[in-house]
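# Reading the structure
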Amino acid sequence: MAQNIIIPHVSRIEGHAKIAIHLNDAGEVDSAQLHVTQVRGFEKFTEGRPYYEMPSITARICGICPVSHLLASSKACDAIMAVRIPPAAKLLRELLHCAQFVQSHALSFFHLSAPDLLLGMDSDPAERNILGVLEQHPELARDGIALRKFGQLAIERLAGERVHPAWVVPGGVHAPLRSDLRDAILGELPIARSIVRRTLQMFKGVLDGFKAEIDSFDNEPTAYAGLVTRENSMHWYDGAVAFIDENGAPLARFEDPGEYSNYIGEAAVPFSYLKAPYFIPRGYPAGIYRVGPLARLNVAETCGTPLADAELAEYRQRAGHPAQSAFYFHYARLIEALRGVERMEMLLQHPDILSTHIRARAQVNCLEGTGIIEAPRGLLIHHYQVNEAGAIVKANLIVATGHNNLAMNHAVEQVAKRFVKGAKIEEGMLNRVSAVVRAFDPCLSCSTHALGQPALQIDLLSPQGELLDRVAN
Amino acid sequence: MPNMISLRIDGELVRVEEGHTIFQAAEAAGKQIPGLCQMKGLSPVGACRLCVVELAGVNRLLPSCTTPAQEGMSVTTQSARIKSYRRMIVELLLAERNHICAVCVSNNHCELQALAMKLGVTHVRYTYAYRSFPVDTSHPRFVLDHNRCIVCTRCVRVCAEMEGAHVWDVMGRGVGSRLVCELNRSWGQASSCTGCGKCVQVCPTGALAEKGCAVEEMIKRGQSISRLAETRGGVL
Ligand code: SF4
Ligand code: SF4
């Protein structure tokens, strides 16, 4: 029988984010939820597929950071095969990942944040975009385009395609790196590095002008989670998941990705399709935590590369440790972009990088596998269960926007409490909410507002669910 | 000496041995007729209808792989009408199952996909059936994904005619027909399968594949099966 799946207009394809604010019986704000694009569909329709198809299937979840899904999924498959992938494969995967960080952060900073930062939050929305930046700060806009291109070109050189490469496979990678391509990436690297350094200088110069934003942005202290090495240095591809509390004290740490479900619970939130992950030891909803650039720089002690570490020291002086204001996401992204470029250089110069031993082959040796990596927007978890023949029985994916769900809702709720009076949404709420949502850079916003404002709709609902008020842009 | 016959193909005079099909005659004359069920070395069945041609004096189109060449025939292998039918067939094949090339093991190495591109199938005009088909992962080395099967029966024939195992068959009728392993068992339980993998190599799509091949990695070696048939003196 044919089945119709109806996806309401909340979907990011249409470029709409919907926020529902629920009032309690006393007429006060009870809760607020941001409805975000779902990946649950993927969890359902991949049932029965051979596990080794998962990397390419799940990469389709996102056109901005497909490499993250490819990698997390391949790691989960490695675990199902119970293989340790060859050292060169690991280096190559990380290299691809760093290139993606650079391109994704470049997109986020130059295309999405720079318009606000350079043209002013109150400038004409019609010009507050990359084209406006191009007009008023042509050098910076060109730098942004060049940096993104550097990352994308590196991905293409490694994996053959820019957007949906099929190069990362369970057990390793499909083909070794050619020496001429390594040299080509190395040749372009110094320019990329100087672009990031230049941009960081510029950013630090304007930072003091944003004091009001730093203080007024979502700066509720929360716990943070991120991947770290044994030495507590930042790592994007591999490592232990570490949680710290709002004061920076360690909360928990686990090495084996399979243990994630002991620490991360998934609460089903009423009125929303997106589950809300929370830190189990603190319970729900107190177990709120954030992931992403801000979290990573809070959780790790060092970046593990010299220039980024020097920047990190300065960042901590300015932003405190742990940094709380979501405004620092922008700053953190630039430091990470620098780390990405530096790390790429280290990897490209590694003696094993051209090795042709790049793939481990095995059949199903474990009926369960979990892969965890840091996507540019934060922790990404792929967890699969298979039958003995290798068909997917169950898949669970937790994406960065998911981890941040509680924190985002919390931030939106804060704004709602200030701007909802009686049964009306007050003037100014839309802009504030946009700013809060944008700071998290959830997938929905990056895919919809590359050229302007996110399309937002806010619904105010009575305890019985009637619509009391609606604002939209 | 075999009897020779003469016919015209696209206006060109061609001489072939009696008993050849139009498809073989065209091939001998260096003309390419598309076909997804047809394969050198396997007996022809006329399942896919992609090799249809026009015959002077006959109003309907005929499958060239099963129609014997005859003295004095005049055959047309390319025309606007033929092309529109071939396109339609490919579109129907795509609409019937779930072909998502971008995540398919055979992407870029698929006969169906290549033909679709050659025929300029940029979109499918028919409503997709979106039926749910199982994936049989039970064999230790191979996988059968019914979502990508076009029921061309190449696998059925290679297994029965060359390997002599006859593991595969087709059950059901029309749009409901489906490939079955033995008497509808899972492949992993088949007692007659020798694990030779010939079916995988001849399958024109990503329906049969080696286990563990990631997207785009399944490159088939169907030609070696045809060569094998030739050296054994099988059907040509
Ligand atoms: S079998 Fe061929 S046409 Fe079908 S999905 Fe795979 S590549 Fe595409
Ligand atoms: S599995 Fe392949 S060879 Fe067999 S009938 Fe289907 S498409 Fe043809």
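The shown structure was predicted, so the numbers you read here are calculated from the model rather than taken from an experiment. (Residues numbered from 1 in each chain as written. Chains lettered and ligands numbered in written order. Predicted model: local features only at pLDDT ≥ 70, side-chain atom pairs only at ≥ 80, totals over all residues. Heavy atoms only, no water.)

The next point concerns the site of ligand 2. Residues in close proximity to ligand 2 total 13 residues, the closest being Cys149(B), Cys152(B), Thr153(B), Cys155(B) and Cys203(B). Taken together, the residues of the shell around ligand 2 sort by class into ten nonpolar, two polar and one charged. (Near = heavy atom within 4 Å. Nonpolar A, V, L, I, M, F, W, Y, C, P; charged D, E, K, R; others polar.)

Residues Ile21(A), Leu92(A), Leu95(A), Tyr315(A), Met344(A) and Met429(A) are the most contacted members of the largest nonpolar core, which totals 115 residues. Sorting elements by how many residues they give to this core places helix 4 (residues 87–119) of chain A first, with 17 residues. Non-local contacts of Tyr315(A), meaning those with residues more than four positions away in its chain, are made with Leu294(A), Leu297(A), Gly320(A), Ala323(A), Tyr328(A), Tyr331(A), Ala332(A) and Ile335(A). Membership of the second largest hydrophobic core comes to 31 residues, among which are Ala165(B), Leu179(B), Cys213(B) and Met218(B). (Core = buried A, V, L, I, M, F, W, Y, C linked by side-chain atoms within 4.5 Å. Buried < 20%, exposed > 50% of the residue type's maximum accessible area, 1.4 Å probe, protein only. Helix = DSSP H or I, 4+ residues; strand = E, 2+ residues; numbered from the N terminus. Contact = heavy atoms within 4.5 Å.)

Neighbouring residues of ligand 1: His99(B), Ile100(B), Cys101(B), Cys104(B), Ser106(B), Asn107(B), Cys110(B), Leu112(B), Arg148(B), Thr205(B) and Gly206(B). Looking at the shell around ligand 1 residue by residue, the classes come out as five nonpolar, five polar and one charged.

Residues and elements named next belong to chain B. Its domain assignment divides chain B into domain 1 (4–78) and domain 2 (98–232). For domain 1 and domain 2, the distance between their C-alpha centres works out to 25 Å. Between domain 1 and domain 2 lies a buried interface of about 1,300 Å² when both sides are counted; carbon and sulfur atoms form 64% of it. Considering only the side of domain 1, the residues that lose the most area to domain 2 are Leu36, Met39 and Leu42, jointly responsible for 50% of the buried surface there. Counting across the interface, domain 1 meets domain 2 through zero salt bridges. Applying the counting rule to domain 1 against domain 2 returns six residue pairs in polar contact (both at pLDDT 80 or more). Classifying every residue of the side of domain 1 that touches domain 2 gives nine nonpolar, four polar and one charged. (Domains from an automatic or database assignment. Buried area = accessible area lost by both parts, 1.4 Å probe. Salt bridge = Lys/Arg side-chain N within 4 Å of Asp/Glu carboxyl O. Polar contact = N/O pair within 3.5 Å; in protein donor to acceptor, adjacent residues only side chain to side chain.)

Further remarks concern the packing of helix 7 (residues 179–207) of chain A against helix 11 (residues 306–319) of chain A. Residue and element names in this part refer to chain A. At a minimum axis distance of 12 Å, the contact between helix 7 and helix 11 shows a crossing angle of 10°. The angle between the axes of helix 7 and helix 11 places the two elements in the roughly parallel class. Here Arg193, Arg197, Leu200, Gln201, Lys204 and Leu207 of helix 7 come into contact with helix 11, specifically with Leu307, Glu311, Glu314 and Arg318. (Axes fitted to C-alpha atoms, helices over the stretch in contact; angles between N-to-C directions. Parallel < 35°, antiparallel > 145°, perpendicular 65-115°, else oblique.)

Take the pairing of strand 9 (residues 178–181) of chain B next. The pairing of strand 8 (residues 168–171) of chain B with strand 9 of chain B spans four bridges and is classified as antiparallel. Considered in strand 9 of chain B, the bridge of Val170(B) is made with Leu179(B). (Pairing = 2+ DSSP bridges.)

The next subject is the interface of chain B and chain A. Counting from both sides, the interface comprises 19 residues of chain B and, opposite them, 18 residues of chain A. Across the chain B to chain A interface the summed buried area is about 1,400 Å²; carbon plus sulfur atoms make up 51%. When residues of chain B are sorted by the area they lose upon contact with chain A, Val103(B), Thr137(B) and Glu217(B) head the list and together hold 32% of the total. Counting across the chain B and chain A interface gives three salt bridges. The tally of links from chain B across to chain A stands at seven residue pairs in polar contact (both at pLDDT 80 or more). Of the residues contributing to the side of chain B that touches chain A, the split by class is nine nonpolar, four polar and six charged.

This brings us to helix 2 (residues 80–96) of chain B. Side chains that are three or four residues apart share a direction in an α-helix, a result of its 3.6 residues per turn. Residues and elements named next belong to chain B. Over its 17 residues, helix 2 extends 24 Å from the first C-alpha to the last, a length consistent with the 24 Å expected when each residue adds 1.5 Å. Within the sequence span of helix 2, burial applies to Ile82, Arg86, Arg87, Ile89, Val90, Glu91, Leu93, Leu94 and Ala95. Where helix 2 is buried, its residues meet strand 3 (52–55), strand 5 (74–76) and helix 3 (111–118). (Expected span 1.5 Å × (residues − 1).)

Turning to its location among the elements, Tyr52(A) is positioned in the loop between helix 1 (40–45) and helix 2 (54–59). Take Tyr52(A): its relative accessible area is 5%, and that puts it in the buried class. C-alpha separation for the pair Tyr52(A) and Ser74(A), spaced 22 residues apart in sequence, amounts to 7.8 Å. Setting aside chain neighbours within four positions, we find Tyr52(A) in contact with Cys77(A), Pro170(A), Val143(B), Glu210(B), Lys211(B), Gly212(B), Cys213(B) and Ala214(B). Of note is the side chain of Tyr52(A), whose polar atom sits 3.4 Å from the backbone nitrogen of Gly212(B).

Moving on, we come to the state of the cysteines. Each disulfide consists of a covalent bond between the sulfur atoms of two cysteine residues. Residue and element names in this part refer to chain B. This structure, assessed with the given rule, holds zero disulfides over all chains. No disulfide involves Cys37; its nearest neighbouring cysteine sulfur is the one of Cys48, lying 3.8 Å away. Its relative accessible area of 1% is what places Cys37 among the buried residues. Free cysteine: Cys51, not disulfide-bonded; nearest cysteine sulfur from Cys65 at 3.9 Å. (Disulfide = S-S within 2.5 Å.)

Topologically, Ala166(A) is positioned in the loop between helix 6 (138–159) and strand 3 (168–169). Here the alpha-carbon distance between Ala166(A) and Phe203(A), two residues 37 residues apart in the chain, equals 36 Å. Those residues in contact with Ala166(A) that sit more than four places away from it in its chain are His174(A), Val215(B) and Glu216(B).

Moving on to the sheet that holds strand 1 (residues 4–9) of chain B. All names here are of chain B. The five strands lie next to each other as 2-1-5-3-4, forming an open sheet whose pairing is mixed. The open sheet has two edge strands, strand 2 (12–17) and strand 4 (62–63), and neither has a second partner. Bridge analysis of strand 1 against strand 5 gives two bridges, and the strand direction is parallel. Looking at strand 5, one finds that Ile9 is bridged to Val75. Strands in contact with helix 2 are strand 3 and strand 5; relative to strand 3, the strand with the most contacts, it is inclined by about 155°.

Turning next to the pattern of salt bridges. Evaluation of the coordinates by the stated rule reveals 31 salt bridges over all chains. A salt bridge links Arg193(A) to Glu345(A); the nearest nitrogen and oxygen atoms lie 2.5 Å apart. With Arg193(A) in helix 7 and Glu345(A) in helix 12 (residues 328–348), this residue pair connects regions lying 152 residues apart in the sequence. Judged by relative accessible area, which is 22%, Glu345(A) ranks as partly exposed. Between Lys198(B) and Glu163(B) there is a salt bridge; the shortest N-O distance is 2.6 Å. Remark: Glu163(B) occurs in helix 4 (residues 154–163) and Lys198(B) occurs in helix 5 (residues 198–202); sequence separation between them is 35 residues. The class of Lys198(B) is buried, set by a relative accessible area of 11%.

What links the strands of a sheet is backbone hydrogen bonding, and the strands pair in either a parallel or an antiparallel sense. Residue and element names in this part refer to chain A. Ordered in space as 7-6-5-10, the four strands form an open sheet in which the pairing is mixed. Every interior strand has two partners, whereas the edge strands, strand 7 (250–254) and strand 10 (289–290), have only one. Where strand 5 (residues 223–228) and strand 6 (residues 240–244) come together, five bridges link them in antiparallel fashion. Across the sheet, the residue bridging to Ala225 is Phe243, located in strand 6.

Glancing now at the packing of aromatic side chains. Per the stated rule, a full pass over the model turns up 14 aromatic pairs over all chains. Summarising the aromatic geometry, the rings of Phe243(A) and Tyr289(A) are spaced 5.4 Å apart at their centres and angled 80° between planes, so their arrangement reads as edge-to-face. In this pair, Phe243(A) sits in strand 6 while Tyr289(A) sits in strand 10, placing the two residues 46 residues apart along the sequence. The class for Phe243(A) is buried, based on a relative accessible area of 0%. Ring geometry for Trp168(B) and Trp187(B): centres 4.8 Å apart, planes at 70°, overall edge-to-face. Taken together, the positions of Trp168(B) in strand 8 and Trp187(B) in the loop between strand 9 and helix 5 put the pair 19 residues apart, joining distant regions of the chain. A relative accessible area of 2% means that Trp168(B) is categorised as buried. (Phe/Tyr/Trp six-rings, centres within 6.5 Å; stacked < 30°, edge-to-face > 60°.)

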